[in-house]
Every structure is written in structure tokens, then in C-alpha cells.
Amino acid sequence: MRTVELVCSPGLEIAVRAVWDRLAAAGLPSLARNVHPTNRPHLTLAAVDEFPPGAEHRLADLFDAALPVPVALDRVVVLDGSAPLVWLVRPTPGLTALHAAVWDVLAEADGHRPWHAPDAWVPHLSLALRFRNADLRLARAVAGGQRPTGAFDAARSYDGTDRSVTSLTRHR
């Protein structure tokens, strides 16, 4: 599997990692416990089995022209009741257009993950996986009710086969 992800600006990344750390300190599930070097706050735009020929180059051109994209985080929720704990991202017209453009570049790819499709996508930054809805009130208290702003200032692709990342931006 190959993903297309937007990476947070330094200040936004610090804010998200601080919540990861506070969740872990409170004994709640948290991505702070994932120590793999590729683990960092990001927004997934698409995931496919493999990139079609030329896609990396076209994606890099797209991101070099479009980034940075301003972002504001919204509320903390549990997706689907017993799944990831996430910080919702307010979808701006620029972010929505960038997401659609990524899907256009990957139109010929096999294995699109349908939850990333433009009509189903819920833009978010993950805070924890396999989170119980019953712990949401505590998680929101731990997160502190803040709604950070910042930007997505780079893009990358995660390769699930070898757990590596490849930059999709050239001039960052």
C-alpha cells in the first residue's frame, strides 16, 4: 500500500504531539506509543495498492505548487464509535481542491481505499488507534479544548510494504 499524506508545519506538529503525550500520560491509547521513525502527525489524502507510472512526479509538481495550505483543527472525536481518536481538520476550499487533485493523479491506480474518496473523506489527524467512545470525554479534557492552527507544508508517501516514507515535495 502507498499513501499520499500532508505533513504538519512545526508548530502544528508540536501541538499534536503534546496531545499524544498527554493522552499517554493519562493512561489512554495514544500514538505517542508508536516509536517507529515514520510516525508523525499527518493528513492522509489517499491510499492505493501502488502508484501508477509517473504519479510520484505529478504529485510532487502538484504539492510544490499548492503548499503550504493553511489548516485549523476542530474538535476531537472517535470515528465510527470504536476506532481512531482523531482531531478533525476543518476542510477549506483549498484543501478540498488539493484532495480532489490528488485523486485525479491517482485515478488509474488499483486498490483505492474508499474512506479517502472525495465523497467519503473525513479530514483528520489521528491521536490514537482503537479508541473506545466511552473514553471520549476524558480524551477531550486531556486534549484541552484547544483548536490549533498552522499549515500543511510538505507531502510524503508511506510504503506499507517496507514501512518507509518518500518525500513528495522537492522544494521544502
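Residues numbered from 1 in each chain as written. Predicted model: local features only at pLDDT ≥ 70, side-chain atom pairs only at ≥ 80, totals over all residues. Heavy atoms only, no water.

Chemist: So what's going on with the overall build of the chain? Which residues, and what values?
Modeler: Helix and strand counts for the chain come out as four helices and seven strands. Listing each helix as α and each strand as β along the chain from the N terminus yields β-α-β-α-β-β-α-β-α-β-β. Relative to the 2.2 N^0.38 estimate, which gives 16 Å for 172 residues, the radius of gyration of the chain is 16 Å and therefore close to what a compact globule would have. Seen through its C-alpha atoms, the chain measures out along the principal axes to roughly 45 × 30 × 30 Å. The buried share among the 172 residues of the chain stands at 48%. (Helix = DSSP H or I, 4+ residues; strand = E, 2+ residues; numbered from the N terminus. Rg over C-alpha atoms; globule rule 2.2 N^0.38 Å. Buried < 20%, exposed > 50% of the residue type's maximum accessible area, 1.4 Å probe, protein only.)

Chemist: Report on helix α2 (residues 55–66), specifying residues and quantitative values.
Modeler: Relative to the 16 Å expected for twelve residues at 1.5 Å per residue, α2 spans 16 Å between its end C-alpha atoms, a close match to the ideal helical length. Contacts made by the buried residues of α2 are with β1 (2–8), β2 (42–48), α3 (93–105) and β6 (149–159). (Expected span 1.5 Å × (residues − 1). Contact = heavy atoms within 4.5 Å.)

Chemist: A description of the side chain of S30 should follow, citing residues and the corresponding values.
Modeler: Mapped onto the secondary structure, S30 falls in the loop between α1 (10–25) and β2. A residue is classified by how much of its surface remains accessible, and S30, at 9% relative accessible area, is buried. Reaching out from S30, the side chain makes a polar contact with the backbone nitrogen of A32 at a distance of 3.0 Å. Apart from residues no more than four positions distant in its own chain, S30 is found in contact with W20, D21, L23, A24, L127 and A128. (Polar contact = N/O pair within 3.5 Å; in protein donor to acceptor, adjacent residues only side chain to side chain.)

Chemist: For unusual backbone geometry, give the residues involved together with the corresponding values.
Modeler: Generally, phi is negative for residues other than glycine and the peptide bonds are trans, each holding for most cases. Put simply, L67 and P68 share a cis peptide bond, and its omega is 5°. Relative to the helices and strands, P68 resides in the loop between α2 and β3 (69–78). The backbone of R163 sits at a positive phi, close to 55°, despite the residue not being glycine. Looking at where R163 falls in the secondary structure, it is placed in the loop between β6 and β7 (164–167). By relative accessible area, R163 is classed as partly exposed at 42%.

Chemist: For the packing of α1 against helix α4 (residues 136–143), give the residues involved together with the corresponding values.
Modeler: With their axes 9 Å apart at the nearest point, α1 and α4 run at an angle of 130° to one another. Judged on the interaxial angle alone, α4 and α1 are oblique. Between α1 and α4 lies a crossing whose hand is right-handed. Taken together, the residues of α4 that come into contact with α1 (itself represented by V19, R22 and L23) are A139, V142 and A143. Each residue belonging to the contact of α1 with α4 can be placed in one class, and the counts come to five nonpolar, no polar and one charged. (Axes fitted to C-alpha atoms, helices over the stretch in contact; angles between N-to-C directions. Parallel < 35°, antiparallel > 145°, perpendicular 65-115°, else oblique. Left-handed = near helix turned anticlockwise from the far one by under 90°. Nonpolar A, V, L, I, M, F, W, Y, C, P; charged D, E, K, R; others polar.)

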